[in-house]
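Overview (structure and organization)
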Amino acid sequence: MLLAGCSGELSALDPAGPRAASLATLWWIMLGGAALLFALVMVLFGIAYLRPGWLSRITPMQWIVGGGLVLPIPILVLLTGAALVLGEQLLPKGDAPLRIEGQARQWAWSFGYPGGAGPYDGTLHMPAGEPVDIAVTSADVIHSFWVPRLGGKIDAIPGHVNVIRLEADEPGIYWGQCAEYCGQGHDGMQFRVEAHAPEDFAALMAGAAQ
Amino acid sequence: MSSVNHTVLGKRFMVVALTFFAIGGFLSMLIRAQLATPNSAFIGPEIYNQIFTMHGTVMMFLFAIPMFEGFVIYMLPKMLGARDMAFPRLTAYGFWCYLFGGSILIIALLVGAAPDSGWFMYTPLSSRPYTPGINADVWLLGLTFVEISAVTAAIEIFISILKMRAPGMSLARMPLIGWYMLVTSGMMIVGFPPLILGAILLELERAFDLPFFDPTRGGDPLLWQHLFWLFGHPEVYIIFLPAAGALSTIIPVFAQRTILGYRSIIAAIVAMGFLSFGLWVHHMFTVGIPHLALAFFSAASALVAVPTAIQIFAWIGTLASGRPRWDIPMLYVAGFFCVFVIGGLTGVMLAMVPFNTQAHDSYFVVAHLHYVLVGGFVFPMLAGIYHWMPHISGRQSLYRLSVPAFWLIFIGFNLTFFLMHLTGLMGMPRRISTYPSNWGWDWLNLLSSIGGFILTMGFCLVLADLVLQWRFGRRYRRDPWKAQTLEWATATPPAPYNFAALPRVDRRADMLEPAKIGPVLAGARAISASCAMASRKRWASTCSPASRST
Amino acid sequence: MSGANQRALVLLVAGFTIWSVGFVALYALQALGCAFGWPQHRAILIGAYVVSLLPLIWLAMMKTVREGEPATSLSVAALWANRAALASGVLVFLPVTFVSACI
Ligand SMILES: [Cu+2]
């Protein structure tokens, strides 16, 4: 039920690839933890107000050390450590099988494929089932490349080339958009991502090269 | 007009800041009206971009910071048992700078030439080729005046705390709010110059074509982001710490017990002040900086939750070990706990680099920042207004409207912003002026807009309540809340010189009995006749500190 | 302001001032190492991590009041602030040991 309410063509909670899925898992874990901590603080506040006698035996030192140090520090160390390890796994380390160039300008995206091949139709074509690196830059102002169902985002900055690795489980149509405010056409900077079965992708590239 | 008295200037700061708050709030209503429905044609992107830029700019620079400056300028000397701030003419200078800079921005908005590059003004969008009009220059010019005002206020607060305390009030006896303000003003002195520098560099680029931020000629747009956020992140804590100081003053009054953990809170404030300078890159997790660099900032961002937790539990512990009583300020304190804790928890989530790559620049961040700033500043401010308004007006509230006003604000706020967490995770990016209806964001935005209008009704009701209190409130004798800090030992409304004789403090200054001290100090008027003279000139600082010699 | 008070005030901010210097230094070493492709980048970073912790350890163990003087609120707060600075140094700089430095 809840998950159905979160689905959508641009929903980060409706992942369609392993990388976006691990980000969504991280979110659900953090949401659970946050809900527990919130409940704890609110219950303590409520008791402190309505039934202060119940808590009157807790000494000042116990409040400060217990609530301020013992409670948050282990949680934060574990969470940050886990997030850094996950971040390491998501980094575009080494070479992915395929590297696609993405260029943003006001207010559209264009994509270039190895060897100058490929269809220049504003759609990002990629093979499904394998990681793909997108090297993102900008021709004018700063934009941001974001395909929520396949992974996180990376900024397109003039003078810089930033690489993000994406992966789609299944062939299909996904949607991406510009996430960094870039002027009057920022509203309409969506783009289509088409993931193909690997053999279809190879055929598409070969066809476009001719 | 030419007053240099801190009571007068403090009130002026607060009134002007609240006026800007109303303007910023009105702009946010336009934003919510535009976003209520998909494909809305209420205002086009050209106007919308000016409106969201001005909403952010007004709320951050023209409301939040001047509001607490005004509060501190009004209250600090009274809390420290002094007759004025250290540099009264500098106070006045800061006020006029602020009013002038703020007016530039508002006039630009009225003539349709307001800044439209976002309140963060990222280059190269804000550079000459992409923003050819005067819009960005207006921002740089107006804001620089406001920043100068903030730096003067910070220097003044810093020096006043170190030099103007009442006899006997050593630093170790100062009420906690003094510590909060000492650290905050120190942070401002370090934090504002990077932004002033950035603004100068950007204006040089725009006016004289010096390519600091232009990658084609050896500059780098990321330089602006570093300078901006090196200011911009501490800014959030600069706004939160004074509010936390107000909470540390209000909560003990209603718990009927002095604050618990005085020394550990001082250490926590110092830790927060420094850690908050190690967070700025968490606004830049997606700009392509190496993972190790992000890791430093991620870890520091997570760690800053610890001093926050210390304060939260010290406040809860204070209530639990006291004899809490109920009153309107405490209603807002309860609202603060609920809203700010959620904002803090989503802050820890955003500090995690992988999650941030999804949530960054989405409505999740809009939700988070409003939970932190409204929870961490506006709710404590409202608690403070209900707590200290009797000090300014000499009258107590009637309480007919306060309770429904609180619930409208609380419910309206949560309806507006809680849903935005989900809107953002469902992919809605910030700063879009409209959206098609195929992404599933329609109902969320509609409910957010309805919540926004409920919230506004709540603020209108608070305003009505305050006007009624001012006009018809019950008069009272000294110290209506039985507070234990010195500001309640003045007459209410206070005389320009605050205290006829300066108090001599012989214990921690949040354990005093203002109702007893006050009349004694006021009765000493005859002794320091020079004060009465000075008060006629409304320049209390010339007053000779008669009782200081002993 | 009395001498003891002044000393306590300096000690109150000393730990975190050192923490700030260490933070900036490590960030700079990370960036320089990547820019110039230092072969022993990781070793340098870990070395700087250890070096930055030494003064923090010294401060955290130091007495914040002189012999014979009573502990004030300020000196106790200073002691805790310095311990917090040490903990912040250990935790915030720890990623130099395992996180990718240049991607
Ligand atoms: Cu864009």
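Model, not experiment: these values are computed from the prediction. For every chain, the first residue of the written sequence is number 1, and numbering continues from 1 along that sequence. A letter from A marks each chain and a number from 1 marks each ligand, given out in the order of writing. Since the coordinates come from a predicted model, pLDDT governs what is reported: local features require at least 70, and pairs of side-chain atoms require 80 or more to be given and counted, while whole-chain, interface and lining totals use all residues. Working from all heavy atoms in the structure, the side-chain values ignore hydrogens and water.

**What to know about the domain arrangement of chain A**
Buried accessible area, meaning the area lost when the parts come together, often serves as the stated size of an interface. Residue and element names in this part refer to chain A. Threshold: Note that the domain bounds were set by an automatic or database domain assignment. A contact between two residues is defined here by any heavy atoms of the two lying within 4.5 Å. Accessible area, probed at 1.4 Å, shrinks when two parts are joined; the buried area is that loss added up over both. We define a salt bridge as a side-chain nitrogen of Lys or Arg found within 4 Å of a carboxyl oxygen belonging to Asp or Glu.
Each assigned domain of chain A is listed here: domain 1 (2-90) and domain 2 (98-209). For domain 1 versus domain 2, the distance between C-alpha centres works out to 34 Å. If you look at the interface, domain 1 gives 13 residues, while domain 2 gives 16 residues. On the domain 1 side of the interface with domain 2, the three residues burying the most area are L10, A16 and R19, jointly 49% of the side's total. Counting across the domain 1 and domain 2 interface gives one salt bridge. D14 is paired through a salt bridge with R149; the nearest N and O atoms lie 3.8 Å apart.

**A word on the sheet that holds strand 7 (residues 162-166) of chain A**
Residue and element names in this part refer to chain A. Quick reminder of the rule: Should DSSP find at least two bridges between two strands, the strands are regarded as paired. Here a strand is any run of E in DSSP of at least two residues, a helix any run of H or I of at least four, and the numbering for each starts at the N terminus. Axis lines are fitted to C-alpha atoms, over the contacting stretch for helices. Their N-to-C directions set the angle, which ranges from 0 to 180 degrees.
Taken together, four strands build an open sheet; the order of strands is 2-1-4-7 and the sheet is mixed. Of all the strands in the sheet, the pair left with one neighbour each is strand 2 (108-112) and strand 7. Within the sheet, the average angular offset between the axes of one strand and its neighbour, ignoring direction, is 30°.

**Quick notes on the pattern of salt bridges**
Residues and elements named next belong to chain B. For clarity, the threshold we go by: The rule is simple: take the accessible area with a 1.4 Å probe, protein chains only, and divide by the maximum for that residue type; under 20% is buried, over 50% is exposed, in between is partly exposed.
Taken as a whole and judged by the stated rule, the model has 13 salt bridges over all chains. Its salt-bridge partner being R507, residue D506 comes within 3.2 Å of it at the nearest N-O pair. Judged by its relative accessible area of 54%, D506 falls in the exposed class.

**Focus: the coordination of the copper ion**
All names here are of chain A. Counted only if it meets this: Coordination shells were defined by N, O and S atoms within 2.8 Å of each metal, extended to 3.2 Å for Na, K and Ca; water is absent from the atom set, which can make sites look incomplete. Labels for metal geometry use angle windows, namely 85 to 135 degrees for all angles of a four-donor tetrahedral site, and for square planar (four donors) or octahedral (six donors) sites opposite donors over 155 degrees apart plus all others within 65 to 115; sites meeting none of these are irregular.
Distances from the copper ion to its protein donors, H143 (ND1), C178 (SG), C182 (SG) and M189 (SD), fall within 2.1 to 2.4 Å. Bound by four donor atoms, the copper ion shows angles of 95 to 124° at the metal and therefore tetrahedral coordination geometry. Site description for the copper ion: donor spacing in sequence, H-x34-C-x3-C-x6-M. There is no split in this pair, since C182 and M189 are both buried.

**Quick notes on the side chain of E205(B)**
Residues and elements named next belong to chain B. Formally: Under the counting rule used here, the positive set is Lys and Arg, the negative set is Asp and Glu, and His together with the chain ends is not counted.
Structurally, E205 is set in helix 5 (residues 176-208). This buried residue, E205, is left without a salt bridge; R217 holds the nearest opposite charge, at 6.2 Å. Not counting residues within four places of it along the chain, the set of residues in contact with E205 comprises S127, L210, P211, F212, F213 and D214.

**So, the environment of M1(B)**
Residue and element names in this part refer to chain B. In this fold, M1 is placed in the segment before helix 1 (6-35). Using a relative accessible area of 72% as the deciding quantity, one classes M1 as exposed. Counting along the chain gives 91 residues from M1 to A92, while the straight-line C-alpha distance between them is 9.7 Å. Once residues within four sequence positions are removed from consideration, M1 is found in contact with R12 and W96.

**Points about the interface of chain A and chain C**
The criterion, for reference: Any pair of nitrogen or oxygen atoms within 3.5 Å is treated as a polar contact; in protein, a donor-acceptor pairing is required on top of that, and neighbouring residues in sequence qualify only through side-chain atoms on both sides. Three classes are used, and their members are as follows: Ala, Val, Leu, Ile, Met, Phe, Trp, Tyr, Cys and Pro are nonpolar, Asp, Glu, Lys and Arg are charged, and the others, Gly among them, are polar.
Listed by partner, the interface residues are seven residues for chain A and seven residues for chain C. With both sides pooled, the region where chain A packs onto chain C buries about 590 Å², and carbon together with sulfur makes up 81% of that total. Its largest share of buried area at the contact with chain C, chain A owes to L84(A), E88(A) and L91(A), together 57% of the area lost on that side. Put simply, chain A and chain C have zero salt bridges between them. There are one residue pair in polar contact (both at pLDDT 80 or more) connecting chain A and chain C. If one sorts the elements of the side of chain A that touches chain C by residue count, helix 5 (residues 72-90) of chain A sits on top with four residues. For the side of chain A that touches chain C, the residue count by class is five nonpolar, no polar and two charged.

**Some remarks on unusual backbone geometry**
Residues and elements named next belong to chain B. The omega torsion of the bond from T123 to P124 falls at 0°, within 30 degrees of zero and hence cis. Tracing the backbone through its elements, the reader meets P124 in the loop between helix 3 (88-110) and helix 4 (135-163). The omega torsion of the bond from T492 to P493 falls at -5°, within 30 degrees of zero and hence cis. Residue placement: P493 occurs in the loop between strand 2 (474-475) and helix 15 (514-523). Unusually for a residue other than glycine, R431 sits at a positive phi of about 65°. Note on placement: R431 falls in the loop between helix 13 (402-425) and helix 14 (442-472). A relative accessible area of 9% means that R431 is categorised as buried.

**Looking at the packing of helix 9 (residues 305-320) of chain B against helix 10 (residues 328-350) of chain B**
All names here are of chain B. In plain terms, the rule: To sort the angles, those under 35 degrees are grouped as roughly parallel, those over 145 as roughly antiparallel, those from 65 to 115 as roughly perpendicular, and the leftovers as oblique. Rotating anticlockwise by less than a right angle from the far helix to the near helix defines a left-handed crossing, while the corresponding clockwise rotation defines a right-handed one.
Interaxial distance between helix 9 and helix 10 falls to 12 Å at its minimum, and their mutual angle equals 155°. The orientation of helix 9 with respect to helix 10, classified from their angle, is roughly antiparallel. Remark: the crossing between helix 9 and helix 10 carries left-handed chirality. Residue-level inspection shows A305, T308, I312, W315, I316 and L319 of helix 9 in contact with helix 10, the latter providing M330, F336, F337, F340, V341 and V348. Along the lines of polarity and charge, the residues of the contact of helix 9 with helix 10 split into eleven nonpolar, one polar and no charged.

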